Amino acid sequence: LFKGDLLRAQGKTEPALAAYDQVLKLKPGNASAHTNKAFLEIGTGKFDAAKANIDAARKATPNSLIVFYAQALLDFRQDKHAAALESLQQILRAAPEHMPSILLSGAVQYALGSMPQAEQHLKHYLEKDPRNLYARKLLASTLLKNGQAQRAIEILSPALKDAQQDPQLLSLAGESHMRSKDFTKATEYFEKASAIDPENPMLHTALGMSKLAQGESGRAVAELETAANLDTQSSR
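First, a word on scope: everything that follows refers to the structure included in this document. (Residues numbered from 1 in each chain as written. Predicted model: local features only at pLDDT ≥ 70, side-chain atom pairs only at ≥ 80, totals over all residues. Heavy atoms only, no water.)

## Some remarks on the overall build of the protein chain
So, step 1. Helices and strands together make up the secondary structure of the protein chain, namely 14 helices and zero strands.
So, step 2. Along the protein chain, from the amino end to the carboxyl end, the secondary structure elements read α-α-α-α-α-α-α-α-α-α-α-α-α-α.
So, step 3. Expressed as a percentage of the 236 residues in the protein chain, the buried residues total 44%.
So, step 4. Taking as baseline every contact in the protein chain between residues at least 6 positions apart, the subset at least 24 positions apart corresponds to 44%. (Helix = DSSP H or I, 4+ residues; strand = E, 2+ residues; numbered from the N terminus. Buried < 20%, exposed > 50% of the residue type's maximum accessible area, 1.4 Å probe, protein only. Contact = heavy atoms within 4.5 Å.)

See the structure below:
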């Protein structure tokens, strides 16, 4: 089991699964092996296999919070957001400071369009784990949905010092500055994002719009044409 956990932490999915299978040969009802297999299978999109392992773990330990969490994660990955929220609420009633469930609750509430609840969960999570980039980007997206562009800029600011090669982060920074009508800064971030991910038509569209707002109509048209061409190629 420890070997499986170690391999899982190293991102070695297949050897980790093999180690957990060895556990289950020796002790077929081992809930930890079943749930850890399920987490790996959810990560690789093997949802039916994950469900079978979660069901087996639930049979062994019916009230285990980690089984509820695995079920919530599986439901979330399959876009069953209401079902995921139900499992998460059961966990947080029993363990209100279970941080993975708080983060997943933020993502689920965001997907359900419940922005105040998403913001509350994500802010709480970031207080405990400020270096988590996923949580920071999701909170910024939540604030943008709520029309709070300036706060989104503040949330993204610490990450922009450390994660300069993340096109999604740079794009969010660009959009936040665009909404704040700081078109120069928006263009700067969209250009950086587009340089990292040049085949992304949405980034070229965003860059075109920021150039247009700056009055650079020639550059704007060029970027919008690039976006249109990439969009046509990807839809073939």
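There's more to say after this.
## Overview of the layout of surface pockets
So, step 1. Empty space within the largest pocket amounts to approximately 540 Å³.
So, step 2. Contributing to the lining of the largest pocket are 22 residues, with Ser141, Gln168, Ser171, Leu172 and Glu175 lying nearest its centre.
So, step 3. Sorting the residues of the lining of the largest pocket by element identifies α9 (133-145), α11 (167-179) and α13 (201-213) as the ones contributing at least two each.
So, step 4. The leading source of residues in the lining of the largest pocket is α11, at seven residues.
So, step 5. Along the lines of polarity and charge, the residues of the lining of the largest pocket split into twelve nonpolar, five polar and five charged.
So, step 6. The space that makes up the second largest pocket amounts to roughly 240 Å³.
So, step 7. Mapped by element, the contributors of at least two residues to the lining of the second largest pocket are α3 (31-43) and α5 (65-77).
So, step 8. For the lining of the second largest pocket, a count of residues per class yields eight nonpolar, one polar and two charged. (1 Å grid on protein atoms, 1.4 Å probe; cavity = no way out; pocket = protein on both sides within 12 Å on 5 of 7 lines; lining within 4 Å. Points joined across faces, edges and corners; volume = space filled by probe spheres on them. Nonpolar A, V, L, I, M, F, W, Y, C, P; charged D, E, K, R; others polar.)

## Notes on the packing of aromatic side chains
So, step 1. Applying the stated criterion across every chain yields a total of one aromatic pair.
So, step 2. Pairing phenylalanine 39 with tyrosine 69 gives two aromatic rings, centres 5.9 Å apart and planes at 50 degrees, and the pair type is tilted. Linking phenylalanine 39 in helix α3 with tyrosine 69 in helix α5, this pair joins segments that are 30 residues apart in sequence. Pair check on accessibility: phenylalanine 39 and tyrosine 69 agree, each one buried. (Phe/Tyr/Trp six-rings, centres within 6.5 Å; stacked < 30°, edge-to-face > 60°.)

## Points about the pattern of salt bridges
So, step 1. This structure, assessed with the given rule, holds ten salt bridges.
So, step 2. We note a salt bridge from glutamate 119 to arginine 151, for which the minimum N-O separation is 2.9 Å. In this pair, glutamate 119 sits in helix α8 (residues 115-128) while arginine 151 sits in helix α10 (residues 149-162), placing the two residues 32 residues apart along the sequence.
So, step 3. It is possible to trace a salt-bridge network through shared partners that takes in Lys51, Asp55 and Arg58. (Salt bridge = Lys/Arg side-chain N within 4 Å of Asp/Glu carboxyl O.)

## A word on the nonpolar core
Note that soluble globular proteins tend to have their nonpolar side chains buried in a common cluster.
So, step 1. Counting 47 residues, the largest nonpolar core has Leu88, Leu104, Val108, Leu156 and Leu160 as its most contacted members.
So, step 2. It is α5 that provides the largest number of residues to this core, a total of seven residues.
So, step 3. Core analysis: the second largest hydrophobic core is formed by eight residues, Leu17, Val23, Leu24 and Leu40 among them. (Core = buried A, V, L, I, M, F, W, Y, C linked by side-chain atoms within 4.5 Å.)

## Section: the side chain of arginine 136
So, step 1. For arginine 136, the location among the structural elements is in helix α9.
So, step 2. Contact partners of arginine 136, with chain neighbours within four places excluded, come to Leu126, Pro130, Ile155, Leu156, Pro158 and Ala159.

## A word on α8
So, step 1. A rise of 1.5 Å per residue sets the reference length of α8, with its 14 residues, at 20 Å; its end C-alpha atoms lie 20 Å apart and thus fit the reference within 8%.
So, step 2. Taken together, the buried positions of α8 are occupied by Met115, Ala118, Glu119, His121, Leu122, Tyr125 and Leu126.
So, step 3. Contacts made by the buried residues of α8 are with α6 (81-94), α7 (99-112), α9 and α10. (Expected span 1.5 Å × (residues − 1).)

## Quick word on unusual backbone geometry
So, step 1. Not every positive phi belongs to a glycine, and aspartate 79 is a case in point at roughly 65 degrees.
So, step 2. In this structure, aspartate 79 sits in the loop between α5 and α6.
So, step 3. Exposure remark for aspartate 79: the relative accessible area of 59% places this residue in the exposed category.

## Here we look at the environment of alanine 31
So, step 1. Residue position: alanine 31 is located in helix α3.
So, step 2. Counting along the chain gives 25 residues from alanine 31 to alanine 56, while the straight-line C-alpha distance between them is 7.3 Å.
So, step 3. Setting aside residues up to four positions removed in sequence, alanine 31 forms contacts with Ala57, Ala60 and Thr61.

Function-wise, these values are silent; they only describe arrangement.
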